[in-house]
Amino acid sequence: MKLAAAAALGLMLASCGEGGGKPAGEAALTVGFSQIGSESGWRTAETRMAQKAAEARGVTLKIDDAQQRQENQIKAIRNFVAQGVDAIFLAPVVSTGWDDVLREAKDADIPVILLDRQIQTREPELFLTSVSADNAKEGAVAGDWLVGAVGTKACPVVELQGTVGSTLVADRKRGFEQAIAKAPNVKIVRTQSGEFTRAKGKEVMEGFIKAVGPRNICAVYAHNDDMMIGAIQAMKEAGLDPGQDVLTVSIDAVPDIFKAMADGDANATVELDPDMGAKALDALLAYRKTGQAPPKLIQTPSTLFLPDTAAAEYARRKDLY
């Protein structure tokens, strides 16, 4: 009888242990998050907000910082698969080269959700959904603002791109170019990657100023605010008055760009909402509950901010980043 009881208890424990030790119906999940890095204030905010959203939903979020290297992300995804996580969030550093590792996740029945950026694949079933903005629209909003701000005067523009090879970068460039195409007086005269960092943004802007002359730049378009903060520093060191001598428009809406606008050093930013983790978690939980796949794209808004609300926005956001 004792042996039979022990055997029965063993079967019960084994049964409860199936599915990662989570009893049926329990919402507690473990999600692996392959994050690009912490190269910008926006990226840091995305990570922090994802952590807060996971805590609020009782989800264990395992974050791996890839330091902007795809090989690190591929290694992290394989580690997550080996650990048997319930889902994987991926903010892809580049757009190509993901099929093999995502197929491994799919074969292990681990859904993958993309954050912030898209990938190029012939097998869209390799990821469950993506949470991102319309990056081309962000570029278009920036371009439309600049066209309206300069009117009919000639406006040579220098462009600080993000990481080469990212669909986000290609889309932000395309959207901006399409918007300014209707104004023949607005032309991009120099473009180069600032790698989404302040230090590189400053370095590239210094090169632009030397190449075309400090008085031959009408505006700077940066694919993120951190590069613009670096560019503003470079302009000041060159004797320019950013926000007056040179117009600025960038993307992300991080606190420091609002401070720069409040101080008169910047003119406009387009918001990329960093609270993508919450939307991804809600989509994942709903999918697990109903079995119904979410839309392939969960889109966040692209909002233009100008100096008139900069001080209030800085006060509201400064502790979130």
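Our subject is the structure that appears above.
Small disclaimer: the values here were computed from a predicted structure and weren't measured. Each chain carries its own residue numbering, running from 1 in the written order of its sequence. Reporting in this predicted model follows two pLDDT cut-offs: at least 70 for local features of residues, and 80 or more for side-chain atom pairs to be given and counted; totals over whole chains, interfaces and linings ignore these cut-offs and use all residues. For side-chain calculations, the full set of non-hydrogen atoms in the structure is used, while hydrogens and water are omitted.

Asks: How would you explain the overall build of the chain if you had to name every residue and give the values?
Replies: Comment: elements are numbered from the N terminus, with helices defined as DSSP H or I runs of at least four residues and strands as E runs of at least two. For the chain, the count of helices and strands is eleven helices and twelve strands. Each principal axis of the C-alpha atoms in the chain carries an extent, and together these give about 95 × 40 × 30 Å. Type-normalised accessible area, obtained with a 1.4 Å probe on protein chains alone, sets the label of each residue: buried when under 20%, exposed when over 50%, and partly exposed for intermediate values. Taking all 321 residues of the chain together, the buried fraction comes to 52%. Contacts are residue-level and defined by heavy atoms, with any inter-residue pair within 4.5 Å sufficient. Sequence separation of at least 24 residues holds for 74% of the intrachain contacts in the chain that already meet a minimum separation of 6. We get accessible surface area from the Shrake-Rupley algorithm with a probe of 1.4 Å; when it comes to residues, only the shown protein chains can shield them. Within the structure as shown, the chain displays about 14,400 Å² of accessible surface, and the carbon and sulfur contribution to it stands at 52%. Positive charges come from Lys and Arg, negative ones from Asp and Glu, while His and the chain ends are left out of the count. By convention, the charge on Lys lies at NZ, on Arg at CZ, on Asp at CG and on Glu at CD. Of the charged side chains in the chain, 36 are positive and 42 negative, and the gap between their average positions amounts to 0 Å.

Asks: Outline empty space enclosed by the protein, supporting the account with residue identities and numerical values.
Replies: Put plainly, a pocket is an open set of points on a 1 Å grid over the protein atoms alone with protein on both sides within 12 Å along at least five of seven lines, a cavity is a set where a 1.4 Å probe fits but cannot get out, and a lining residue has an atom within 4 Å of a point. Grid points are joined across faces, edges and corners, and a volume is the space filled by probe spheres set on the points. Tallied over the entire structure, the rule returns one cavity of 30 Å³ or more. Its volume calculated, the largest cavity comes out at about 70 Å³. Glu39, Ser40, Trp42, Arg43, Asp116, Arg117, Leu168, Arg172, Phe196, Asn224, Asp252 and Leu272 together form the lining of the largest cavity. Secondary-structure elements contributing two or more residues to the lining of the largest cavity are helix H2 (41-56) and helix H6 (167-180).

Asks: Could you give me a rundown of the side chain of threonine 269, with the residues and numbers involved?
Replies: You can see threonine 269 is positioned in strand S10 (residues 268-271). As used in this structure description, the phrase polar contact means that two N or O atoms lie within 3.5 Å; if the pair is within protein, one of them must be able to donate a hydrogen and the other to accept it, and residues adjacent in sequence are counted only when both atoms belong to side chains. A distance of 3.2 Å separates a polar side-chain atom of threonine 269 from the backbone nitrogen of alanine 253. Sequence-distant contacts of threonine 269, that is, excluding residues within four places in its chain, are made with Asp225, Ser250, Ile251, Asp252, Ala253, Ile257, Phe258, Met261, Thr303, Leu304 and Phe305.

Asks: Can you break down the layout of surface pockets residue by residue, with the values?
Replies: Taken as a whole, the largest pocket encloses approximately 180 Å³ of empty space. In this structure, the largest pocket is lined by Lys106, Asp109, Ile110, Pro111, Val112, Glu125, Leu126, Phe127, Leu128, Tyr287 and Lys296. Residues belonging to the lining of the largest pocket are distributed by class as follows: seven nonpolar, no polar and four charged. Note that Gly is not counted as nonpolar here; it falls among the polar residues with everything else outside the nonpolar set of Ala, Val, Leu, Ile, Met, Phe, Trp, Tyr, Cys and Pro and the charged set of Asp, Glu, Lys and Arg.

Asks: Tell me what's going on with the packing of H2 against helix H10 (residues 276-290), and back it up with residues and numbers.
Replies: Axes, fitted as lines to C-alpha atoms, cover a helix only where it is in contact. Angles between the N-to-C directions of the axes lie from 0 to 180 degrees. Contact geometry of H2 with H10 gives a least axis separation of 7 Å together with a crossing angle of 40°. Between H2 and H10, the interaxial angle falls into the category oblique. Counted together, Trp42, Glu46, Ala50, Ala53 and Ala54 of H2 and Met276, Gly277, Ala278 and Leu281 of H10 form the full contact between these two elements. Across the contact of H2 with H10, the residue classes break down as seven nonpolar, one polar and one charged. Roughly parallel means an angle under 35 degrees; roughly antiparallel means over 145; roughly perpendicular covers 65 to 115; every other angle is labelled oblique.

All we've got here are geometric facts, nothing functional implied.
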